[in-house]
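# Notes for the structure review
Residues per chain, in single letters:
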Amino acid sequence: MAPAITLAAEAPKLSAANTGFMLICSALVMLMTPGLAFFYGGMVRVKSTLNMLMMSFISLGIVTILWVLYGFSMAFGTDSGSVIGWNSDWVGLGNIGLTELWPGYTIPVFVFMVFQLMFAIITPALISGALADRVKFSAWALFIALWATVVYFPVAHWVWGAGGWAFELGVIDFAGGTAVHINAGAAALGVILVIGKRVGFKKDPMRPHSLPLVMLGAGLLWFGWFGFNAGSWLGNDDGVGALMFVNTQVATAAAMLAWLIYEKIRHGAFTTLGAASGAVAGLVAITPAGGAVTPLGAIAVGAIAGVLCAMAVGLKYKFGYDDSLDVVGVHLVGGVLGSLLIGLFASGKGQSTVEGLFYGGGLTQFWKQCAGVFAVLAYSLIVSAVLAFILDKTMGMRVPEDDEIAGIDQAEHAETAYDFSGAGGGAARTAAAAAAAAVGGAESKKVDA
């Protein structure tokens, strides 16, 4: 008989297909930040358009540099106490080999690093929608740097880093329900409770100045979200990424329809703003859950999020907090719903064998999801409020009231979004000026749900 031969497990090899796929997904996630800028930029008053765009774009600069210097190391380095990571070889990305693979996968460390960078960029940008019209740009830039360092990087380690407490507990977050959306939504609530309301909140009309921009932004977000979600499986070898791609489309469609139906019943109209907001609510809710549920489960997740987020956006009028563009109502509420519904709809046939209540798994996973959700919510809310308070008491977070009334674009950026000076002479110039004044005077608020 021939002697038995024991074969060692073959080490993963770099996959050109998975590497290319992940680079494309990284580019798609990067596109989401300009998409978010358009989405938010169209929802504000005309005199705040450029400031809203810049509040998203500046995150591309600040977070990129911090991620290279130390953010990647803090989020994904060697665990310390289940709360933070660190790897000195990753500081400045100077000691990473070109073909060095991310452990357990077939993509280079550099590819994983840049994919996760795009998540780190868009998360603080999401916060900006709650602060429209009234925050100093310099204070906002410093807030991004501080918040990314003391909130996002640690929370990303909790949820996705090897050794992070939520990761080890078994909290499921496929692509960022807790680390991105709950994190940003809770932070937004913490900051607005500190800096207060816009001048004229609940008194002046505050309608979106450009619904076409809102729809363009929503479309770019929907498109980029396929990279955000499907790419989070870090490869294409077992079909889970494909399931996530399908569920992303399905849940988003269901949420948009559910929001519009609720809006028609409640307010008598199907609005473009409702369609865009419903789509984003569905994208948010399916982000943590899409790898664990079936397409039918994704319909349920999307429909529930569409209705409940539509209801939640009106809470700011009831409770008196000025969440300018409904970051709390869509991202916080949508992230909480998507994360908790895993405990009910997880099928055990997707990313893992974990089953939710409706598939015979009991409430075990639901309670794990609760632990992750409420820990991230509380930490981000409290620390974000403290950061805002410190900045407000030192350099001041808000622009002067006169600048807010006149227009933050001119005060902070010395520019305006629309230049009518070349519209022609006489009647044409008069008509253009009248149109500009009419748009500038329309101060927007969403439908009170």
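All values derive from a computational prediction rather than experimental measurement. (Residues numbered from 1 in each chain as written. Predicted model: local features only at pLDDT ≥ 70, side-chain atom pairs only at ≥ 80, totals over all residues. Heavy atoms only, no water.)

## Details of the overall build of the protein
- Counting its regular elements, the protein contains 16 helices and two strands.
- Computed over the C-alpha atoms, the radius of gyration of the protein is 23 Å, within 12% of the 22 Å expected from 2.2 N^0.38 for a compact globule of 449 residues.
- In terms of its C-alpha atoms, the protein occupies a principal-axis envelope of roughly 100 × 50 × 40 Å.
- Going through the 449 residues of the protein one by one, you find that 56% of them count as buried.
- When contacts within the protein are restricted to residue pairs at least 6 apart in sequence, those whose partners lie at least 24 apart make up 77%.
- For the protein, the accessible area works out to roughly 17,400 Å², and carbon and sulfur atoms hold 69% of it. (Helix = DSSP H or I, 4+ residues; strand = E, 2+ residues; numbered from the N terminus. Rg over C-alpha atoms; globule rule 2.2 N^0.38 Å. Buried < 20%, exposed > 50% of the residue type's maximum accessible area, 1.4 Å probe, protein only. Contact = heavy atoms within 4.5 Å. Areas by Shrake-Rupley, 256 points an atom, 1.4 Å probe, with all protein chains shown as cover.)

## Focus on the nonpolar core
- Ranked by internal contacts, the top residues of the largest apolar core, which has 129 residues, are W67, F72, L131 and Y152.
- Examining the composition of this core, we find that 15 residues originate from one element, helix α4 (residues 137-160), more than from any other.
- Residues in contact with Y152, not counting those within four places in the same chain, are W67, F119, A120, T123, W147, W160, A179, V180 and N183. (Core = buried A, V, L, I, M, F, W, Y, C linked by side-chain atoms within 4.5 Å.)

## Quick look at the environment of V151
- Take V151: it is sitting in helix α4.
- Considering only alpha carbons, one finds V151 and P124, 27 residues apart in sequence, at a separation of 10.0 Å.
- Those residues in contact with V151 that lie beyond four places of it in its chain are N183, Y379, S380 and V383.

## Focus: the packing of helix α9 (residues 272-289) against helix α12 (residues 327-345)
- Running from N to C, α9 and α12 point in directions that differ by 35 degrees, and their axes come no closer than 7 Å. Handedness of the α9/α12 crossing: right-handed. On the side of α9, the interface is formed by V280, A281, V284, A285, P288 and A289, while α12 contributes V330, H331, G334, G335, G338, S339 and I342.
- Taken together, the residues that form the contact of α9 with α12 break down as eight nonpolar, five polar and no charged. (Axes fitted to C-alpha atoms, helices over the stretch in contact; angles between N-to-C directions. Left-handed = near helix turned anticlockwise from the far one by under 90°. Nonpolar A, V, L, I, M, F, W, Y, C, P; charged D, E, K, R; others polar.)

## So, the environment of F115
- By the element assignment, F115 lies in helix α3 (residues 109-127).
- It is 17 Å that separates the C-alpha atoms of F115 and A162, two residues lying 47 residues apart in sequence.
- Residues contacting F115, with those up to four places away along its chain left out, are M22, C25, S26, V29, G227, F228, G231, S232 and L234.

## Details of the layout of surface pockets
- The space that makes up the largest pocket amounts to roughly 720 Å³.
- What lines the largest pocket is a set of 27 residues, among which Y105, W160, F167, S232 and L234 lie closest to the centre.
- For the lining of the largest pocket, the secondary structure elements donating two or more residues are α3 and α4.
- Of the residues in the lining of the largest pocket, the class split is 19 nonpolar, six polar and two charged. (1 Å grid on protein atoms, 1.4 Å probe; cavity = no way out; pocket = protein on both sides within 12 Å on 5 of 7 lines; lining within 4 Å. Points joined across faces, edges and corners; volume = space filled by probe spheres on them.)

## Side note on the pattern of salt bridges
- Going through the model one piece at a time under the given rule, you end up with five salt bridges.
- Between R45 and D133 there is a salt bridge, with the nearest N and O atoms lying 2.6 Å from each other. With R45 in the loop between α1 (16-43) and α2 (49-76) and D133 in the loop between α3 and α4, the pair connects residues that are 88 residues apart, well separated along the chain.
- R45 gets classed as buried once you look at its relative accessible area, which sits at 3%.
- R198 is the partner of D133 in a salt bridge, and the nearest nitrogen-oxygen pair spans 3.3 Å. Highlighted residues: D133 in the loop between α3 and α4 and R198 in the loop between α6 (177-195) and α7 (211-230), separated in sequence by 65 residues. Assigned by exposure class, D133 and R198 land together as buried. (Salt bridge = Lys/Arg side-chain N within 4 Å of Asp/Glu carboxyl O.)

## Some remarks on the side chain of S26
- Along the chain, the position of S26 falls in helix α1.
- What makes S26 buried here is its relative accessible area of 3%.
- Once residues within four sequence positions are removed from consideration, S26 is found in contact with V111, V114, F115 and M118.

## A closer look at the packing of α2 against α4
- Packing of α2 against α4 brings their axes to within 9 Å, and their N-to-C directions diverge by 45 degrees. If you check the angle between α2 and α4, you find them oblique. Crossing hand, α2 versus α4: right-handed. (Parallel < 35°, antiparallel > 145°, perpendicular 65-115°, else oblique.)

## Observations regarding the confidence of the model for the protein
- Per-residue pLDDT for the protein has a mean of 92; in total, 92% of the residues score no lower than 70.
- In this model, residues 1-8 is a region of pLDDT below 50 whose contacts with residues beyond four sequence positions or in other chains number zero contacts. (pLDDT = per-residue confidence, 0-100.)

## Re a nonpolar patch on the surface
- A surface patch of nonpolar side chains, about 510 Å² in accessible area, is lined by L357, F358, Y359, L363 and W367.
- With respect to the secondary-structure elements, L357 resides in the loop between α12 and α13 (364-394). (Patch = residues over 30% accessible without salt bridge, like charges linked within 9 Å, V, L, I, M, F, W, Y side chains within 5 Å.)

## Digging into the side chain of D173
- Mapped onto the elements of the fold, D173 is located in the loop between α5 (165-169) and α6.
- Buried charge without a partner: D173 forms no salt bridge, and the closest opposite charge is K368, 15 Å away.
- If we ignore the near neighbours within four places in the chain, the residues touching D173 are V159, W160, T178, A179 and P288. (Lys, Arg positive; Asp, Glu negative; His and termini not counted.)

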